[in-house]
Amino acid sequence: MSKAKAKARTAPTELDLKALMQKWQKILRLQDWEIDIQFIEPMLIGGSLGETHPSISTKSAKIFVSRQDMAYPRSVSLENVIKDIENTVVHELLHVMFAAVTSDIKYAEEHAVIAIADALYKGMDWTGNDDKLKRQSY
């Protein structure tokens, strides 16, 4: 295999993104929400990794995820790029869950969302059984 082929990487598709969103929408029990998700250029969302616009009254949300796959060196595998995108999807879906929180505590909400997203993502059973979170005993 040539070096060019070894470093070739395809970009995640909108279908990949929607599949990740549907997976986590089920895990987070947000199936009663109508959620649209799409990739967007980072500069259109202020350089952040994602942005969410929820509507509590209609139980709908629009999620934008940065086209962050282009920010990685070519040596980073597609699998690792998708894992990072998945973390962003979880983060943005948690904003949907917290949509009822008043804007007066937006800073606290952001920190709670980051902590929960990281904990959920790190707790996944990466053996292929995506429906179960690992249980930790303390």
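From a predicted model like this one, the values you see are computed outputs, not experimental measurements.

**Q** Requested: an account of the overall build of the chain, with residues and values cited.
**A** Tallying secondary structure elements over the chain gives 4 helices and 3 strands in all. Walking the chain from its N terminus toward its C terminus, one meets helices and strands in the order α-α-β-β-β-α-α. Counting the 138 residues in the chain, one finds 34% classified as buried. For the chain, the exposed area adds up to about 8800 Å²; of that, 57% sits on carbon and sulfur atoms.

**Q** Provide a residue-level description of the pattern of salt bridges, including the pertinent values.
**A** Within this structure, the stated rule accounts for 5 salt bridges. In this structure, Asp36 engages Lys18 in a salt bridge whose closest nitrogen and oxygen atoms are separated by 3.7 Å. In this pair, Asp36 is assigned in strand β1 (residues 34-40) and Lys18 in helix α2 (residues 14-27), connecting sequence segments 18 residues apart. Given the relative accessible area of 33%, Asp36 is considered partly exposed. Between Glu79 and Lys83 there is a salt bridge, with the nearest N and O atoms lying 3.8 Å from each other. With Glu79 and Lys83 both in helix α3 (residues 78-97) and 4 residues apart, this pair spans about one turn of that helix.

**Q** Just give me the short version of the packing of aromatic side chains, but keep the residues and values in it.
**A** All told, the structure shown has 0 aromatic pairs when counted by the stated rule. Here Arg67 stacks its cationic end above the ring of Phe39, 4.0 Å away from the centre of that ring.

**Q** Tell me about the nonpolar core, and name the residues and values.
**A** Membership of the largest hydrophobic core comes to 24 residues, with the highest contact counts inside it found for Ile35, Val65, Ile85, Val89 and Leu93. Those elements that provide at least two residues to this core are α2, β1, β3 (60-66), α3 and α4 (106-122). The element best represented in this core is α3, accounting for 7 residues. If we skip the residues at most four places from it in the chain, Leu93 touches Met21, Trp24, Gln25, Leu28, Leu30, Ile35 and Ile63.

**Q** I'd like a rundown of unusual backbone geometry, residues and numbers included.
**A** Residue Arg29 is not a glycine yet carries a positive backbone phi of 60 degrees. Mapped onto the fold, Arg29 is located in the loop between α2 and β1. The backbone of Lys59 sits at a positive phi, close to 50 degrees, despite the residue not being glycine. Mapped onto the elements, Lys59 comes out in the loop between β2 (50-55) and β3.

Rules used in this analysis
- Residues numbered from 1 in each chain as written.
- Predicted model: local features only at pLDDT ≥ 70, side-chain atom pairs only at ≥ 80, totals over all residues.
- Heavy atoms only, no water.
- Helix = DSSP H or I, 4+ residues; strand = E, 2+ residues; numbered from the N terminus.
- Buried < 20%, exposed > 50% of the residue type's maximum accessible area, 1.4 Å probe, protein only.
- Areas by Shrake-Rupley, 256 points an atom, 1.4 Å probe, with all protein chains shown as cover.
- Salt bridge = Lys/Arg side-chain N within 4 Å of Asp/Glu carboxyl O.
- Phe/Tyr/Trp six-rings, centres within 6.5 Å; stacked < 30°, edge-to-face > 60°.
- Lys NZ or Arg CZ within 6 Å of the ring centre and 35° of its normal.
- Core = buried A, V, L, I, M, F, W, Y, C linked by side-chain atoms within 4.5 Å.
- Contact = heavy atoms within 4.5 Å.

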